[in-house]
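Close look at the chain arrangement
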Amino acid sequence: MKILITGTTGLAKDLSEVFCNHSVTSISKASGHNIHQINQWGNGYLDYDCVVNCAYDNIGQQLVLEYFFNNWKNDSNKKIITIGSKIINQPRIESEIDHHYWPYRLHKQALQLTHDVMLATAKCDMKIINPGAFDTAMISHVDTPKISTKVLSEKIFQIMQDPLIKRVDLWL
C-alpha cells in the first residue's frame, strides 16, 4: 500500500515507522508541502492508496481532507484517515481556561463536521480518530497523563484495517 502522511515529526514520525511494511511518504513544510497549498502539490499523490491527514495548521487539515475526498470519494480502494481531537466535545486539559476562545478547538470541530458530512456519500474508506492528550510539543508543558505516540500509532494502524470503523475516540 502507498501511504501519504502529512507531517514528519511526533505522531506522523511514529506512524511512518508503524507502516514500515508499506511504501510511506511523509511530507511537511520542510519538504515543500504546505497543507494550505494542497491544490499545488496534491495531484502528485492521487495514485496513492491512503492519506493519513495528521499535520495540524489551522484549517490546513480540512483543506487536505476536502482535496482527497473530492478526488477519491467514488473509489472504494482509497482510504482517508484523519487525526482529529477529543477537544471537539470534551473540556480542555487546562480546565481553568476551557471557556476561553481557542481557534484550535474550532478547527478540530470543523474538521469533524466536514468528515461527518462527507462520510454520508463517500465510497472511499474514511475514518476520523480523535485522540486525547498525547506526546506533542503543543502540550509538552502540561502535566497530565498522555498516550505515547508509539502506542497511538499502533492503535491507528489497527483501526485502519477495519472497514466498519468510521470514528474512534481514544484517551486515557
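Provided above is the structure to which this section pertains.
Before going into details, it helps to say that this report is about the structure given with it. A quick note: this is a predicted structure, and the numbers were derived from the prediction, not measured.

The next subject is unusual backbone geometry. Non-glycine residue Asn-58 carries a positive phi angle of around 55°. Structurally, the position occupied by Asn-58 is in the loop between strand 3 (50-53) and helix 3 (60-72).

Another aspect to go through is the sheet that holds strand 4 (residues 79-83). Pairing is parallel across the open sheet formed by 6 strands, whose spatial order is 2-1-3-4-5-6. The two strands at the open ends of the sheet, each matched to only one other strand, are strand 2 (23-27) and strand 6 (167-170). Adjacent strand axes in the sheet meet at a mean angle of 15°, parallel and antiparallel pairs treated alike. Relative to strand 4, strand 3 is paired through 4 bridges, and the arrangement is parallel. Its bridge partner being in strand 4, Val-52 is matched across the sheet by Ile-81.

Turning to the packing of helix 3 against helix 4 (residues 103-119), a few remarks are in order. With their axes 9 Å apart at the nearest point, helix 3 and helix 4 run at an angle of 15° to one another. As the angle between them shows, helix 3 and helix 4 are arranged roughly parallel. Seen from above, helix 3 lies across helix 4 with left-handed handedness. Contact residues: helix 3 offers Gln-61, Gln-62, Leu-65, Glu-66 and Phe-69, while helix 4 offers Lys-108, Ala-110, Leu-111, Thr-114, His-115 and Met-118. Residue classes in the contact of helix 3 with helix 4 are distributed as 5 nonpolar, 4 polar and 2 charged.

Looking now at the environment of Tyr-56. Turning to its location among the elements, Tyr-56 is positioned in the loop between strand 3 and helix 3. For Tyr-56 and Ile-97, which are 41 residues apart along the polypeptide, the C-alpha to C-alpha distance reads 21 Å. Beyond its immediate stretch of four places on either side in the chain, Tyr-56 contacts Ile-35, Gln-61, Pro-103, Tyr-104, His-107 and Lys-108. Separated by 2.6 Å, the side chains of Tyr-56 and His-107 make a polar contact.

A few words now on the pairing of strand 4. Among the 5 residues in strand 4, 5 count as buried, and that is most of the element. Side chains of strand 4 alternate between two faces, with Lys-79, Ile-81 and Ile-83 and Ile-80 and Thr-82 buried alike. Handedness of the crossover is the feature at issue here: the chain leaves strand 3, passes through helix 3, returns alongside strand 4, and the resulting connection is right-handed. Each parallel crossover has a hand, and for strand 4 linked through helix 4 to strand 5 (residues 125-131) it is right-handed.

Thresholds, definitions, all that
Residues numbered from 1 in each chain as written. Predicted model: local features only at pLDDT ≥ 70, side-chain atom pairs only at ≥ 80, totals over all residues. Heavy atoms only, no water. Helix = DSSP H or I, 4+ residues; strand = E, 2+ residues; numbered from the N terminus. Pairing = 2+ DSSP bridges. Axes fitted to C-alpha atoms, helices over the stretch in contact; angles between N-to-C directions. Parallel < 35°, antiparallel > 145°, perpendicular 65-115°, else oblique. Left-handed = near helix turned anticlockwise from the far one by under 90°. Contact = heavy atoms within 4.5 Å. Nonpolar A, V, L, I, M, F, W, Y, C, P; charged D, E, K, R; others polar. Polar contact = N/O pair within 3.5 Å; in protein donor to acceptor, adjacent residues only side chain to side chain. Buried < 20%, exposed > 50% of the residue type's maximum accessible area, 1.4 Å probe, protein only. Right-handed = clockwise from strand over helix to strand, strands pointing away.

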